[in-house]
Amino acid sequence: MAGRMAATSSGGGIKRGYSPNTTLPPREEFPMKRSCLALSLCAVMLHAAAPFQPGKDPKIRILVDKVMQPTERWVSKEWMVKETADAGFNVFSPRKGHDRPAEVRLVTEWCQKYGIYHMPWMRGTLTAPETDAAKGRRIVWANGTEQPLWSVNSDEFWDWTTKLIVSYAKLSAENPALMGVFLDYENYAPRKCGNLYSLSYDDLILAAFAKKQGQPIPELPFGGRAKWLKDEGLHEAFEAFQVNHWRERCRKLRQQVDALSPDFQFCIYPAPGTPFMVRACYPEWSTKRAPIILGDPWVYG
């Protein structure tokens, strides 16, 4: 199995404010490294400064397993961790099992045994029902497309995200072999318009913005919301309001994590990222003690 894994050299540092989708407003510097992500079957390699380094090796080599797990019905086994360590990787990130607490704990113990680290992989999106149960709280793109995903502005999204990541931070405090979480913001939901997240024009955020502005917003079809905000000269204020909302949510999660395990690191993919990643995750999840790790998909090997 190890012979099927590949590694490549890592990339350099990312410049603050770089993004193909957006620009960063002036803010304090925040620590991070841009990573080179190599996908060859199940191999992912990343490079970032880390608070602890397996074998005093300054390079973090993360293996996101999409090859070994399927042979065991997508359940992690000890032999997979050993194969990962034997192949020269120092972080194991199984593609499935992030929502199975007993398995997360067991994988962490195996990683500790073989002298490597564990980083649970999880999709950074949550499916929402296409029923009235989620009406007004699903993501809405600027072009009016609605996807069956809970909006990044919804409590449902943040309650789910927080519950999982805080559980990892608690385990990390017990066993530092669990070094962080790998969050994948690729968009695989129906009616995809791009990776996640960009500004959403859902009912939740529009109502909150209208309340702050003290100005009612008429009922508008999804496809007319961004245009109406622009025509009324309100879009820039709406954008700033929503980004600030994201940052507050991210900051609260980082504070909860820091209270348990301040060395806990967030790895986000695909970097350099979407507006949500660049404008909220970068500044709020990266600390001097636990720099954010950026999974860069542009270089494959």
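Residues numbered from 1 in each chain as written. Predicted model: local features only at pLDDT ≥ 70, side-chain atom pairs only at ≥ 80, totals over all residues. Heavy atoms only, no water.

**A closer look at the pattern of salt bridges**
Close approach of charged atoms lets side chains of opposite charge pair.
Part 1 of the reasoning: Counted according to the given criterion, the structure contains 16 salt bridges.
Part 2 of the reasoning: Across the salt bridge formed by Glu78 and Lys113, the nearest N and O atoms sit 2.6 Å from each other. One end of the pair, Glu78, is in helix α1 (residues 78–86); the other, Lys113, is in helix α2 (residues 101–113), and 35 residues separate them in sequence.
Part 3 of the reasoning: Between Asp231 and Lys227 there is a salt bridge, with the nearest N and O atoms lying 2.7 Å from each other. Taken together, the residues span about one helical turn, with Asp231 and Lys227 both in helix α5 (residues 222–231) at a distance of 4 residues.
Part 4 of the reasoning: Given the relative accessible area of 52%, Asp231 is considered exposed.
Part 5 of the reasoning: Judged by relative accessible area, which is 53%, Lys227 ranks as exposed.
Part 6 of the reasoning: Three or more residues are tied together by salt bridges with common partners; here these are Arg247, Arg251 and Glu284. (Salt bridge = Lys/Arg side-chain N within 4 Å of Asp/Glu carboxyl O. Helix = DSSP H or I, 4+ residues; strand = E, 2+ residues; numbered from the N terminus. Buried < 20%, exposed > 50% of the residue type's maximum accessible area, 1.4 Å probe, protein only.)

**Section: the side chain of Ser200**
Part 1 of the reasoning: Tracing the backbone shows Ser200 in the loop between β8 (180–184) and α4 (203–213).
Part 2 of the reasoning: Polar contacts involving the side chain of Ser200 include one to the side chain of Asp202, which spans 2.6 Å.
Part 3 of the reasoning: Ser200 has contacts with Arg138, Ile139, Val140, Ser151, Asn153, Ile205, Phe238 and Gln242, leaving out every residue within four places of it along the chain. (Polar contact = N/O pair within 3.5 Å; in protein donor to acceptor, adjacent residues only side chain to side chain. Contact = heavy atoms within 4.5 Å.)

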